[in-house]
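Each chain, written out:
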Amino acid sequence: MRGKKPEKKPFGRDSPPKGYPRDQSLYADPDNWRYPLHSSWNAKAARRYFDEPSNRAKYTKEEQAYIDWRIDEALQRFGQISGSEGAERPSPKPPARKKIDELTLRELLRVFLGAARLKRAEEIEDSLLSISNMTPERIDAKVKDYVVHIDLKNQTISHDCQDWRQNMEAKNMCKHLGKLLLSLEPNRAVGLLQNILHHIDEWKFTAP
Ligand SMILES: [Zn+2]
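Residues numbered from 1 in each chain as written. Predicted model: local features only at pLDDT ≥ 70, side-chain atom pairs only at ≥ 80, totals over all residues. Heavy atoms only, no water.

Colleague: Go over the coordination of the zinc ion, please, and point to the residues and values.
Modeller: At 2.0 to 2.3 Å from the zinc ion lie its protein donor atoms, namely H159 (NE2), C161 (SG), C174 (SG) and H176 (ND1). Bound by four donor atoms, the zinc ion shows angles of 101 to 119° at the metal and therefore tetrahedral coordination geometry. When the donor residues of the zinc ion are listed from N- to C-terminus, their spacing reads H-x1-C-x12-C-x1-H. One end of the pair, H159, is in strand β6 (residues 156-159); the other, H176, is in helix α6 (residues 175-183), and 17 residues separate them in sequence. (Donors = N, O, S within 2.8 Å, 3.2 Å for Na, K, Ca; no water. Tetrahedral: all angles 85-135°; square planar, octahedral: opposite > 155°, others 65-115°. Helix = DSSP H or I, 4+ residues; strand = E, 2+ residues; numbered from the N terminus.)

Put into structure tokens, the structure is as follows:
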């Protein structure tokens with residue numbers, strides 16, 4: 001278990017909404033009958049709603065961690081994400097109803113990282129990132145003890161963590177890439193991710 005189970009809230013429910021499960025264990029926030037997780041559709045909806053800052057803000061940090069953990073667990077159970085090591089992740093795909101050039105930085109990061117990894121990327125402290133070189137054609141950085149080299153001219157990203165190695169063939173990203181991209185000037189990060197998505201077959205994700 002992660003975080004702390006949310007306490008009963010003023011905005012909480014006293015019983016399940018009509019037509020929803022009567023089993024409290026099927027809710028990410030059980031005591032308030034919020035965020036039902038009994039189907040793949042509901043788990044995905046829970047993730048979407050709980051990613052809204054205004055919804056998150058109703059809970060303490062500890063309670064947010066609990067709800068995130070419960071939702072991610074449900075998504076994993078329904079095969080919607082593969083947060084655990086070794087599981088197959090599908091290759092990045094833009095959402096069906098949006099053009100690549102319309103995607104925001106957050107949406108792009110979700111495409112390449114998925115919700116769980118994006119969250120972990122956001123939790124990496126700034127002091128663990130150092131950018132040693134940043135030119136229009138190249139970005140060299142270190143996140144924790146891992147190196148990241150982004151070569152825009154040769155359309156290559158090289159990085160060396162275990163998660164990256166396991167997912168680079170499918171061209172998914174890890175939390176370290178997420179941290180670096182979150183730290184770039186937003187327009188630059190958006191441009192880079194859109195470029196990769198447009199030319200996904202040309203980009204090479206490698207490890208040293
Ligand atoms: Zn990594």
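Colleague: Go over the pattern of salt bridges with me, naming the residues and quoting the values.
Modeller: Two side chains bearing opposite charge may form a pair once their charged atoms approach each other closely. Here the structure, examined in full by the defined rule, presents 16 salt bridges. Note that D151 and R138 form a salt bridge whose closest N and O atoms lie 3.7 Å from each other. Of this pair, D151 sits in strand β5 (residues 146-151) while R138 sits in strand β4 (residues 138-143), placing them 13 residues apart in sequence. Accessibility expressed as a relative area gives 15% for D151, which makes it buried. Residue R138 is classed as partly exposed on the basis of its relative accessible area of 29%. Look at the salt bridges and you will find they share partners, linking R47, D51, R56, D68, D72, R110, K119 and E123 into a network. (Salt bridge = Lys/Arg side-chain N within 4 Å of Asp/Glu carboxyl O. Buried < 20%, exposed > 50% of the residue type's maximum accessible area, 1.4 Å probe, protein only.)

Colleague: Pulling in residues and values, what's your account of the packing of aromatic side chains?
Modeller: By the definition in use, this model includes six aromatic pairs. Between the aromatic rings of Y27 and W33, the centroid separation amounts to 5.2 Å while the plane-to-plane angle is 85°, which identifies the pairing as edge-to-face. The pair Y27 / W33 is uniform in exposure class, with both members buried. Measuring from ring centre to ring centre gives 5.0 Å for W164 and F205, while their planes differ by 15°; the resulting arrangement is stacked. A residue pair is termed long-range when its members are at least 10 positions apart, and W164 in helix α5 (residues 162-167) and F205 in strand β7 (residues 204-206) qualify at 41 residues. Within the aromatic cluster, the residues linked to one another by ring pairs are F11, Y35, F50 and Y59. Here the basic side chain of K58 rests over the ring of F11, its NZ or CZ set 5.4 Å away from the ring centre. The aromatic ring of F78 is capped on one face by R77, whose charged end is 5.6 Å from the ring centroid. (Phe/Tyr/Trp six-rings, centres within 6.5 Å; stacked < 30°, edge-to-face > 60°. Lys NZ or Arg CZ within 6 Å of the ring centre and 35° of its normal.)

Colleague: Now, about the nonpolar core: what can you tell me, with residues and values included?
Modeller: I150, I157 and M173 are the most contacted members of the largest nonpolar core, which has 34 residues in total. Put simply, the parts of the chain that give this core at least two residues each are α4 (105-123), β4, β5, α6 and α7 (186-198). Take this core: its biggest share by element is eight residues, from α4. (Core = buried A, V, L, I, M, F, W, Y, C linked by side-chain atoms within 4.5 Å.)

Colleague: Break down unusual backbone geometry for me, with residues and values.
Modeller: The phi torsion at K144 lies on the positive side, around 55°, for a residue other than glycine. For K144, the position within the fold is in the loop between β4 and β5. For K144, a relative accessible area of 37% puts it in the partly exposed group. Non-glycine residue Q155 carries a positive phi angle of around 50°. Residue placement: Q155 occurs in the loop between β5 and β6.

Colleague: Which residues make up the side chain of D151, and what values go with them?
Modeller: Polar side-chain contacts of D151 include one of 3.1 Å to the backbone nitrogen of K153. A polar contact is formed between the side chain of D151 and the side chain of N154, at a distance of 2.8 Å. If sequence neighbours within four positions are ignored, D151 has contacts with E137, R138, T156 and W203. (Polar contact = N/O pair within 3.5 Å; in protein donor to acceptor, adjacent residues only side chain to side chain. Contact = heavy atoms within 4.5 Å.)

Colleague: Help me get a handle on the environment of N187, residues and values and all.
Modeller: Within the fold, N187 resides in helix α7. With 71 residues separating them along the chain, N187 and A116 place their C-alpha atoms 23 Å apart.

Colleague: Can you lay out the confidence of the model for the chain for me, pointing to particular residues and giving the numbers?
Modeller: Mean pLDDT over the chain stands at 91; residues scoring 70 or higher make up 96%. Low pLDDT (under 50) marks residues 82-86, which in the prediction has eleven contacts with non-local residues, meaning those over four places away or in another chain. (pLDDT = per-residue confidence, 0-100.)

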